[in-house]
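The lines below spell out each chain.
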Amino acid sequence: MLGDAWLWAAVEWSPPAYAGFDARGGFDTPTVVALLVAALVKAALLWLILRAPAPGPLDRRARALRRLLYLAVVDALVLWYPIALLPDAVDAAFQLALWTAIDVLYLLVLRWRSRMLRAAAGAMFAVELVGMANELLDELDLPELGSGGIVAPGLMLGGAAATIITVVGQWRDGRWSRGTLTAGWLSVGVYALVIPLNVLFEEIFSGNLAMPVMTDAVGLVSIVWIAATARELPTGDRLADLPPARRRATRVAVAAVAVLPIIALIHPEQTPHLTYTGWSMGCYNRPGFGDLKPAERDTAFLCRARSTEGGVPPMFPDSLSDQGILAYGRALCRTKDRAEQEAILTRAGSARPAWGADPWDLVYVCPEVVGATHPELLRSTTEREAANAAYIAEENAKCRDPWPRTKGAVQATARYFLFADGDHGYLVHDPGDEAVGEAAEQAMDRVYDDSTLIGVAGSAVLVGHVADVIDLCLTVKAFRTAPPQRTAGWDQVNEVPVVSRSGRLTVPEMGEGEVGAGAPMPNLAIAGKGRYRLRVYVRVDDAGEEQHLVVVFPGASRKRLELKP
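Note that the coordinates shown come from a computational prediction; the quantities given were computed from them, not determined experimentally.

### Let's talk about the state of the cysteines
Then, number 1: Enumeration over the complete set of coordinates arrives at two disulfides.
Then, number 2: Through a disulfide, cysteine 333 is tied to cysteine 366; the S-S separation comes to 1.7 Å. Here cysteine 333 and cysteine 366 share a disulfide; its torsion about the S-S bond, -75 degrees, makes the bridge left-handed. Remark: cysteine 366 occurs in the loop between helix H14 (359-362) and helix H15 (367-373) and cysteine 333 occurs in helix H12 (residues 322-333); sequence separation between them is 33 residues.
Then, number 3: Taking the relative accessible area as the measure of exposure, cysteine 366 reaches 3% and is therefore buried.
Then, number 4: Here cysteine 399 pairs with cysteine 473 through a disulfide, and the sulfurs are 2.1 Å apart. Taking the torsion about the sulfur-sulfur bond, which here is approximately -80 degrees, the covalent link between cysteine 399 and cysteine 473 counts as left-handed.

This is the structure:
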């Protein structure tokens, strides 16, 4: 009756926006049915979770274990959402600390009745905690323990094995009821179904929410087992010692549980070794060649070779091993033309052989080859910034003040860099005006309305360039009164109105990008808020260099004047 968003929040215990979907269009019938069924299932399981703890004495260790287990239950039911609002590394660190303490107490509190079983449990708990530590390293952008495609499945198997051996320990201990043990075995089954169900959901049931809703509901079985384990800790019944035959069978089962996850980590020699895939988080950071140690350069090339950033296909397929990609990369370095590169990429199974390979990617595997023709690619970030600053300073030094004897209240001269593939011009605008973005768009639309190439829209004036250039020399000056016109020596002189609503008028400076003035530009609105006149002088010298002089002074007139057409 309250709508799909309320139905989702009531059943999934999370805001609809957290799931990343839009419920305004309404759920389909399978999703609604799944939510209603999941509501009944979760209500029944929640009743089992919230049952009162069993009375009875507890020693210090058992009391600590009970509290930590209930904390894990509260985290799974309630705390997960506020923790999800924090950085992912916080949640990973919390889970690692919590389960480290729980696993240690499991080893101390459970009556394993076998040193071998206790040792196997310690090994499985260690594998489980290594998996959590690996996830924390990933969230902190630190080197992980190995390839996600190889180590992760083994660590997940270790987590399932840790659950199995804990249930076996509870059975050997004798304090826990058959229902609790059943919940433990069911949680192992749910754990084993998570990966295949996720794969089916992504590949077959994409866009259908019914499958994840049911998976989430069934996943509460694990919370039921944890809560029941905490609830039944005080019961003191003991099992009689097992007969020798059953003890031997238990040892075999324990050995199998301990060894199988390790065997799963061992791959044939011909299996591709994958350090990074196209979606590895560590590959989003793209350092320059000069910022990397020699041992890190192969990894940087692997990231680029498998990158799918921007939706483009990777240079090499994920099925190709690291060694194969590095070998093909060095072969690409030795090619003489694009055709040879295309042939190598085709042989490697690339999805984009016609694109070839770019030197800024190959520099990581053959710096001696690429550096001979592109030495700038060998620079570190510091060296690149220093070279760029030196280049801008050199370009600024080439520009001279065209009115050296007429000093403005504020003034500046610098090179203004435009887009290399063509740009409309530069703005003189009020950056503090809330509507400056809209004004800039209107000015851009009006820049070609007449031959002056000046677009005016309130607090923004776009001044176009008359020659086909990628930069120009720009001088800006602000006066308290209108200066003499002095049109001699200029190709065209125009005067237009502009308004400052915040008390600022300036020209954009070059920031992170490649467009803007190469030096700081002053505030030209020297009289504060109000209306100003903006006079633009333009000329192109015999060498094709374009020079602009922008003069600003207070003035209420809204006329456009062509002082020199």
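### Notes on the pattern of salt bridges
Then, number 1: One pass over the structure, following the stated rule, counts 14 salt bridges.
Then, number 2: Residues arginine 330 and aspartate 298 are paired through a salt bridge, measuring 3.3 Å at the closest nitrogen-oxygen approach. With arginine 330 in helix H12 and aspartate 298 in helix H11 (residues 297-306), the pair connects residues that are 32 residues apart, well separated along the chain.
Then, number 3: Judged by relative accessible area, which is 34%, arginine 330 ranks as partly exposed.
Then, number 4: Note on aspartate 298: relative accessible area 27%, which makes it partly exposed.
Then, number 5: Salt-bridge contacts for aspartate 361 lead to arginine 304; the nearest nitrogen and oxygen are separated by 3.9 Å. Within this pair, whereas aspartate 361 is found in helix H14, its partner arginine 304 is found in helix H11, the two being separated by 57 residues in sequence.
Then, number 6: By relative accessible area, which is 8% here, aspartate 361 ends up buried.

### Re the sheet that holds strand E6 (residues 492-500)
Then, number 1: Taken in spatial order, the seven strands line up as E7-E1-E5-E9-E8-E6-E10 in an open sheet, and their pairing is mixed. Two strands lie at the open edges of the sheet, namely strand E7 (516-517) and strand E10 (561-564), each paired on one side alone.
Then, number 2: Of the strand pairs in this sheet, strand E5 (residues 471-478) and strand E9 (residues 546-554) are connected by six bridges, and their pairing is parallel. Residue pairing in the sheet places threonine 475 in a bridge with leucine 549 of E9.

Calculation notes
Every chain is numbered on its own, with residues counted from 1 as its sequence reads. Two thresholds apply to this predicted model, a pLDDT of at least 70 for residue-level local features and 80 or more for giving and counting side-chain atom pairs, whereas whole-chain, interface and lining totals are computed over all residues. Think of the side-chain values as coming from all heavy atoms in the structure, minus any hydrogens and water. In plain terms, two cysteine sulfur atoms within 2.5 Å form what is called a disulfide here. For helices the rule is a DSSP run of H or I covering at least 4 residues; for strands it is a run of E covering at least 2, with both sets numbered from the N terminus onward. The rule is simple: take the accessible area with a 1.4 Å probe, protein chains only, and divide by the maximum for that residue type; under 20% is buried, over 50% is exposed, in between is partly exposed. Salt-bridge detection follows one rule: a side-chain nitrogen of Lys or Arg within 4 Å of a carboxyl oxygen of Asp or Glu. Any two strands between which DSSP finds at least two bridges are classified as paired.

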